[in-house]
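If you want the building blocks of each chain, they are given just below.
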Amino acid sequence: MTNKTDFKKTLDAYQARQGQFRVVDVPDMQYLMIDGHGDPNTSPVFAEALQALYPVAYKLKFASKTELDRDYVVPPLEGLWWAEDMDSFTTARDKSRWDWTLMLMTPDWIHPDMFAAAVERAGAKDRPARLGDLRLETLSEGRCVQTLHIGSFDEEADVLAHLHDEFIPRQGFHMAGTHHEVYLSDSRRVAPEKRRTILRQPITAGSVLGV
């Protein structure tokens, strides 16, 4: 029987605790990615992005198991989020101004030919509207600070303000990349107050004081 890898348990980048900002060196990781803009709660583009991501992710998982004898649990949904004015994430929370990239981590043994074949199979019947926008790409984040947020997405603002405006500058760091979230809970099945989300911010290297 093929052993099934669960990256949430094996990768340090998926470990975080509530109330603790932790500096972590995130390795280069390969993702299925798709971009969009607007409020994730109301934008049809957001829903269409999910409809393109998951069929390809599961076809890759199946191909990995059958062709390579390497099975794995499809990792949690992740997102990169940014806006022209970053106050949109903290004080304003104006979701209509957000840009985003939705992602599903894909093992490094998945190669471009497997991705192309999975896309073709996913489009053979009931082709997702945004399937052609999907890409396979490596994300290099390096040193980051992350924490675990438990609660609704709208309650992230205070944590992010503390992270961006207090913790990072106090430690001698500077923000160096895009705000990153890892959704450990399925928002369709978990009540907002119980959702578990890793909040991650890439930083430039600096001295670590009292992390």
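Residues numbered from 1 in each chain as written. Predicted model: local features only at pLDDT ≥ 70, side-chain atom pairs only at ≥ 80, totals over all residues. Heavy atoms only, no water.

Judged by nonpolar contacts, the single largest core of 46 residues is most densely connected at Tyr 31, Leu 32, Leu 53, Val 56, Leu 60 and Leu 102. Mapped by element, the contributors of at least two residues to this core are strand S2 (22–26), strand S3 (29–37), helix H2 (44–68), strand S5 (77–82), strand S6 (99–105), helix H3 (112–122), strand S8 (142–150) and strand S9 (179–183). Looking at this core, the element that brings in the most residues is H2, giving eight residues. Filtering out sequence-adjacent residues up to four positions away, Leu 102 remains in contact with Leu 32, Met 33, Ile 34, Phe 46, Ala 49, Leu 50, Leu 53, Leu 77 and Glu 78. Ranked by size, the runner-up nonpolar core spans seven residues in total, among them Phe 21, Val 145, Leu 163 and Ile 168. (Core = buried A, V, L, I, M, F, W, Y, C linked by side-chain atoms within 4.5 Å. Buried < 20%, exposed > 50% of the residue type's maximum accessible area, 1.4 Å probe, protein only. Helix = DSSP H or I, 4+ residues; strand = E, 2+ residues; numbered from the N terminus. Contact = heavy atoms within 4.5 Å.)

Pairs of aromatic rings are described using the distance from one ring centre to the other and the angle between the two planes. Considering all chains together, one arrives at nine aromatic pairs under this definition. Taking 6.1 Å as the distance between ring centres and 75° as the angle between the ring planes, the aromatic pair formed by Tyr 72 and Trp 109 counts as edge-to-face. Of this pair, Tyr 72 sits in strand S4 (residues 71–72) while Trp 109 sits in the loop between S6 and H3; the two residues are 37 residues apart in sequence, bridging distant segments of the chain. The same class applies to Tyr 72 as to Trp 109, namely buried. A ring pair is formed by Trp 81 and Trp 100, whose centres lie 6.5 Å apart and whose planes are at 50°; its orientation type is tilted. Here Trp 81 is found in strand S5, whereas its partner Trp 100 is found in strand S6, with 19 residues between them in sequence. (Phe/Tyr/Trp six-rings, centres within 6.5 Å; stacked < 30°, edge-to-face > 60°.)

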